[in-house]
Each structure stands twice: as structure tokens, then as C-alpha cells.
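Secondary and tertiary structure notes
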Amino acid sequence: MIHEAFRRDLARLSGAVRAPRTSPPRARALRARWEFVDDQLHHHHSVEDDSLWPLVRPKLRGRNEALAVLDEMEADHRRLLPEGRAVSAGFESFAARPDDAAGAALAGHLDALAASLGGHLDSEETRCFPVIDEALTPEEFEAFGKATAKAVGMRGSARFFPWIFDSSDPVERTAVLSMPPPPVRLLCRYVWEPRYERQVSTLWANSGDRP
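Predicted, not measured: the structure shown is a model, and the values here were computed from it. (Residues numbered from 1 in each chain as written. Predicted model: local features only at pLDDT ≥ 70, side-chain atom pairs only at ≥ 80, totals over all residues. Heavy atoms only, no water.)

Looking at the overall build of the protein chain
Scanning the protein chain from N- to C-terminus turns up seven helices and zero strands. The helix and strand sequence of the protein chain, counted from the amino end, reads α-α-α-α-α-α-α. In terms of overall size, the protein chain behaves like a compact globule, its C-alpha atoms giving a radius of gyration of 18 Å where 211 residues would be expected to give roughly 17 Å. Looking at the 211 residues of the protein chain, the share that counts as buried comes to 41%. Taking all contacts inside the protein chain whose residues are at least 6 apart in sequence as the whole, residues at least 24 apart take part in 78%. For the protein chain, the exposed area adds up to about 11300 Å²; of that, 57% sits on carbon and sulfur atoms. Of note, the protein chain has its 28 positive side-chain charges centred 7 Å away from the centre of its 32 negative side-chain charges. (Helix = DSSP H or I, 4+ residues; strand = E, 2+ residues; numbered from the N terminus. Rg over C-alpha atoms; globule rule 2.2 N^0.38 Å. Buried < 20%, exposed > 50% of the residue type's maximum accessible area, 1.4 Å probe, protein only. Contact = heavy atoms within 4.5 Å. Areas by Shrake-Rupley, 256 points an atom, 1.4 Å probe, with all protein chains shown as cover. Lys, Arg positive; Asp, Glu negative; His and termini not counted. Charge placed at Lys NZ, Arg CZ, Asp CG, Glu CD.)

In C-alpha cells, the structure reads:
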């Protein structure tokens, strides 16, 4: 679901910055959305590099092919950094002067990042997930997920959960919400998600990215 959220918002941002005659307030709002996505991407990769791979690697001793997959994932994370910085620089220019040329240039950077990140996510899903599934028991992976969620905290959860639930499969949403305690589920349903919907309905309005 996190992967789908990255794919979804990069596509939406690309479409939104291409829209002609973008107002300065809207350009700044789109920059703020990118900054959120960028923060989530850095956090996601840091959790993998600093917490998940070290948990998996000891269980793969002697399995060079599987270990090489983890090495490749880490290398991908490093390779994506310059493309993310190019998008950030593009948003700075676009927010300062949101003309059509700046929007088109920024959309090109977003599309380049989306292509590179998409290839990485596809590889992770098809090649790395099976390695993780084989290395960790369901209980170990669930414990890792709960520890990660706890580190995010309530303030982070208030933004994270509605973001990954946007346009998600209802079955997957139910599965994810079965993990946190009941107060988080209630907050998500009655406070966080309605607030998120109000925010994004304005953000993506008239950009062709969302009905």
C-alpha cells in the first residue's frame, strides 16, 4: 500500500504541475504535498536500510544470491537521491514562479523519478518480498511492523494512515487497521480520513488527477 501511495501521488503531482496558469498559492500547496511524499520516501527507505535489512541479513548467511538482492535494494535507494533532489529544486522554482514552462520542467523531473522509483518498487515486490517472506516468520514481520508503527507515533499516524488508504483496496485497508489499537481505528475513520479527504479534494481539483 505504501508503494501504491508513492506511485499514485507522483502521477498526480506530475499532472497537477502541468496544468496551465497555476496560481502561486496552489503551487505552494503542491510543493507542500511533494515535501510530505519526499519525507515518507526517505523514512520508508531508512527503515528498510537501518532496520529491516539488518533483521533479514543474519538469516541469509551463505545465501549470496539472496543477499545480493538486499544489496541491490540499498544501491537503488542511493541512486534515487539525486532524482529526488532534482524534484525538490524544481518545486522551489515552481513555487517561486509558477509559469507553464517551470511546470513542464518540473513534470519532467517527476516523471523521471516516477520511472526510476517504479522500477525499484517493482523489483522489490517481485524479487525482495519473497526473500523477506522466506527469511522472517509471520510473527517476526508483524513485530517489526508494530515497532515501526509505534516509532511513527500518533502525530505521524494521523497523516500516514489516510495517505496510504487513499484509493486503496478495502480488504487491504481492513487488514492494516486490524493491527493498531481501537482508538487509532476510530480516529482514522472519523477524524483523520475525513480531514485528509477535505485537503486532497482541494489539492487535486481541476488537475485531471482525481474525479
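Considering the packing of aromatic side chains
A full pass over the atoms with the stated rule returns eight aromatic pairs. Note on Trp34 and Phe91: the rings are 6.3 Å apart at their centroids and 10° apart in plane angle, and the pair reads as stacked. One end of the pair, Trp34, is in helix α2 (residues 24-56); the other, Phe91, is in helix α3 (residues 64-96), with 57 residues separating them in the sequence. Across the pair, Phe91 and Trp34 agree in class, each one buried. Both rings, one in Phe141 and one in Phe144, keep their centres 6.0 Å apart while their planes meet at 45°; by these two values the pair is tilted. (Phe/Tyr/Trp six-rings, centres within 6.5 Å; stacked < 30°, edge-to-face > 60°.)

Observations regarding the nonpolar core
Core analysis: the largest hydrophobic core is formed by 38 residues, its most contacted members being Leu30, Phe91, Phe161 and Trp163. Elements supplying a minimum of two residues to this core: α1 (2-18), α2, α3, α4 (100-135), α5 (138-165), α6 (170-177) and α7 (182-203). No other element matches α4, which puts seven residues into this core. Other than its neighbours up to four places away in sequence, Phe91 contacts Leu13, Val17, Leu30, Arg31, Trp34, Leu106 and Leu110. (Core = buried A, V, L, I, M, F, W, Y, C linked by side-chain atoms within 4.5 Å.)

Thoughts on the pattern of salt bridges
Tallying each qualifying case throughout the model produces 18 salt bridges. Between Glu134 and Arg63 there is a salt bridge whose closest N-O contact spans 3.3 Å. With Glu134 in helix α4 and Arg63 in the loop between α2 and α3, this residue pair connects regions lying 71 residues apart in the sequence. Using a relative accessible area of 57% as the deciding quantity, one classes Glu134 as exposed. In this structure, Glu72 engages Arg127 in a salt bridge whose closest nitrogen and oxygen atoms are separated by 2.9 Å. (Salt bridge = Lys/Arg side-chain N within 4 Å of Asp/Glu carboxyl O.)

Re a nonpolar patch on the surface
Where nonpolar side chains cluster on the molecular surface, the patch consists of Leu186, Tyr190 and Val191 and spans about 310 Å² of accessible area. With respect to the helices, strands and loops of the structure, Leu186 is situated in helix α7. (Patch = residues over 30% accessible without salt bridge, like charges linked within 9 Å, V, L, I, M, F, W, Y side chains within 5 Å.)

Quick notes on the environment of Gly15
Looking at the element boundaries, Gly15 is found in helix α1. Given the relative accessible area of 22%, Gly15 is considered partly exposed. Placed 97 residues apart in sequence, Gly15 and Ala112 show a C-alpha to C-alpha distance of 13 Å.

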